[in-house]
Every structure is written in structure tokens, then in C-alpha cells.
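# Remarks on the overall topology
Here is how the chains run, residue by residue.
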Amino acid sequence: MSTKFPSIGVLDIQGSVEEHLTALRRCGVNPVSVKNAEDLARVDGLIIPGGESTTIGKLMKKYGLGGEIIKRARHPHILTIWGTCAGAILLAKKILNQRPDSLSLMNVEISRNAYGRQLDSFETLLAIPSLEIKDFPAVFIRAPRIKRAFKKAKVLAEYNGEPVMVEEENLLITTFHPELTDDMRIHKYFLELT
Ligand code: GLN
């Protein structure tokens, strides 16, 4: 946690941007909507929302944001990042199928749209032991599957024996969408991490 009150932003390109901004306001934060490098320079923590990872990746590159995010995230004290769903795909070092313009920051291997048709979208209660959470309402929407977390990447929660929430130093990913629920516990955790 930095000494001053951290400033938190949401990458405002495509996807569940408004939902994350609303969730952060509910946590008492006045969030920054991050559309360009100038906005990015104002934040200590950045949420990359769910949406379409190919689109977000392409536009992030076009707006000159990808390189800046990588630079600032590689110094752990400068930028903390939380990727939800498509955001998780964009943070992964290995994407097993298709290749959106990834930030390649986190030691996980991920597969896009990898739950079968019947499980395309579903909701379940998750235990997150290190956060002392027994029952987080996790909403999965055309979610990716994390096949492997390696090196310093730590698994915080699993669904059916596979990681769905992983943390590595200043990076956090969830393949589900806390911003679509009323439960702010993971948003609050991200504020603590930043
Ligand atoms: N299926 C999307 C993708 O691969 C991710 C879905 C989501 O973010 N809810 O980019």
C-alpha cells in the first residue's frame, strides 16, 4: 500500500467498465476512467474489465496504452493491476488458443472460451481461503480457463480443481466477474493490494 491514498482507474476501452466504476464508488473510491496514457499516469491501480479480449487488446495497442501499462507494471510499486475475465486473458503470458495483443505480464497459461457450451455462463459460490471468504458469488461469462499458474503466481481460488483467481506480486486475475454482483469483497481486496 502506498503512503498516500491510492488512485484507482478502470481501463475504459470496451466491456464492463461502468460496472467496475460503480463498484469502486460503492467502496468509497472516486475512480479514474483510463482512456489514454495521460489518464494512466494518474493511477496506482488499474482494473482491466471483462469484455472481448481481442478488441480490448487491439485498441489498447492503438491508443498507445499497452506499452505504458507494461512499463509501469514491471516496477511492482508503480502499478497494481486486476484483470477480470478478458482482462485476465490480456495479462497472461501464455494464451493457448488465439492470440489477442496480450500484455504478457503474468505467469499463467490460459485458454479462451474454454468451458463447454452448457457452461457458457454460470454462477457458483467460491471459497477464497486466503481472503477468509467461504461463499463468493462468482459469475462466469464465456470465461477462459486457467490451465496452469507457475513461478511466483499463487492460486487463491479454484473451481472444479482449476484456478479461477490468481495473484502474482502486483497482479491479480479472476476469470469471473465480481463487478456484476453486489459483493464488493474482491474490489476491497484490490484496494488493499494497491
Ligand atoms: N470470451 C471473452 C474473450 O475471450 C471473455 C469473456 C468475458 O470477459 N466475459 O475475450
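Data block above holds the structure.
Since the model is a prediction, treat every value here as computed from it, not as a measurement. (Residues numbered from 1 in each chain as written. Predicted model: local features only at pLDDT ≥ 70, side-chain atom pairs only at ≥ 80, totals over all residues. Heavy atoms only, no water.)

### So, the overall build of the protein
Along its length, the protein carries six helices and twelve strands. For the protein, the C-alpha radius of gyration of 15 Å lies close to 16 Å, the compact-globule estimate for 194 residues. A principal-axis box enclosing the C-alpha atoms of the protein has dimensions of 40 × 35 × 30 Å. Across the 194 residues that make up the protein, the buried fraction comes to 56%. Taking the contacts inside the protein whose residues are at least 6 apart along the sequence as the reference set, 64% of them involve residues at least 24 apart. Per element, the accessible surface of the protein, about 9100 Å² overall, is 48% carbon and sulfur. Charged side chains in the protein number 26 positive and 23 negative. The centres of these two groups are separated by 6 Å. (Helix = DSSP H or I, 4+ residues; strand = E, 2+ residues; numbered from the N terminus. Rg over C-alpha atoms; globule rule 2.2 N^0.38 Å. Buried < 20%, exposed > 50% of the residue type's maximum accessible area, 1.4 Å probe, protein only. Contact = heavy atoms within 4.5 Å. Areas by Shrake-Rupley, 256 points an atom, 1.4 Å probe, with all protein chains shown as cover. Lys, Arg positive; Asp, Glu negative; His and termini not counted. Charge placed at Lys NZ, Arg CZ, Asp CG, Glu CD.)

### So, the side chain of Arg72
Along the chain, Arg72 falls in helix H4 (residues 66–73). This buried residue, Arg72, is left without a salt bridge; Asp44 holds the nearest opposite charge, at 5.4 Å. Polar contacts involving the side chain of Arg72 include one to the main-chain carbonyl oxygen of Val43, which spans 3.2 Å. (Salt bridge = Lys/Arg side-chain N within 4 Å of Asp/Glu carboxyl O. Polar contact = N/O pair within 3.5 Å; in protein donor to acceptor, adjacent residues only side chain to side chain.)

### Considering the environment of Asp183
Positionally, Asp183 belongs in the loop between strand E12 (171–174) and helix H6 (185–193). In sequence terms Asp183 and Arg148 are 35 residues apart; their C-alpha atoms lie 27 Å from each other. Among all residues touching Asp183, those that are not within four sequence positions of it are Phe136, Pro137 and Pro178. For Asp183, the side chain forms a polar contact with the side chain of Arg185, separated by 2.7 Å.

### Some details on H4
The complete set of buried residues in H4 reads Gly66, Ile69, Arg72 and Ala73. Buried positions in H4, seen along its axis, are confined to an arc of 140 degrees and lie on one side of it. Residues of H4 that are buried make contact with strand E1 (8–11), helix H2 (37–40), strand E3 (45–48), helix H3 (53–62) and strand E4 (80–84). (Arc of directions from axis to C-beta.)

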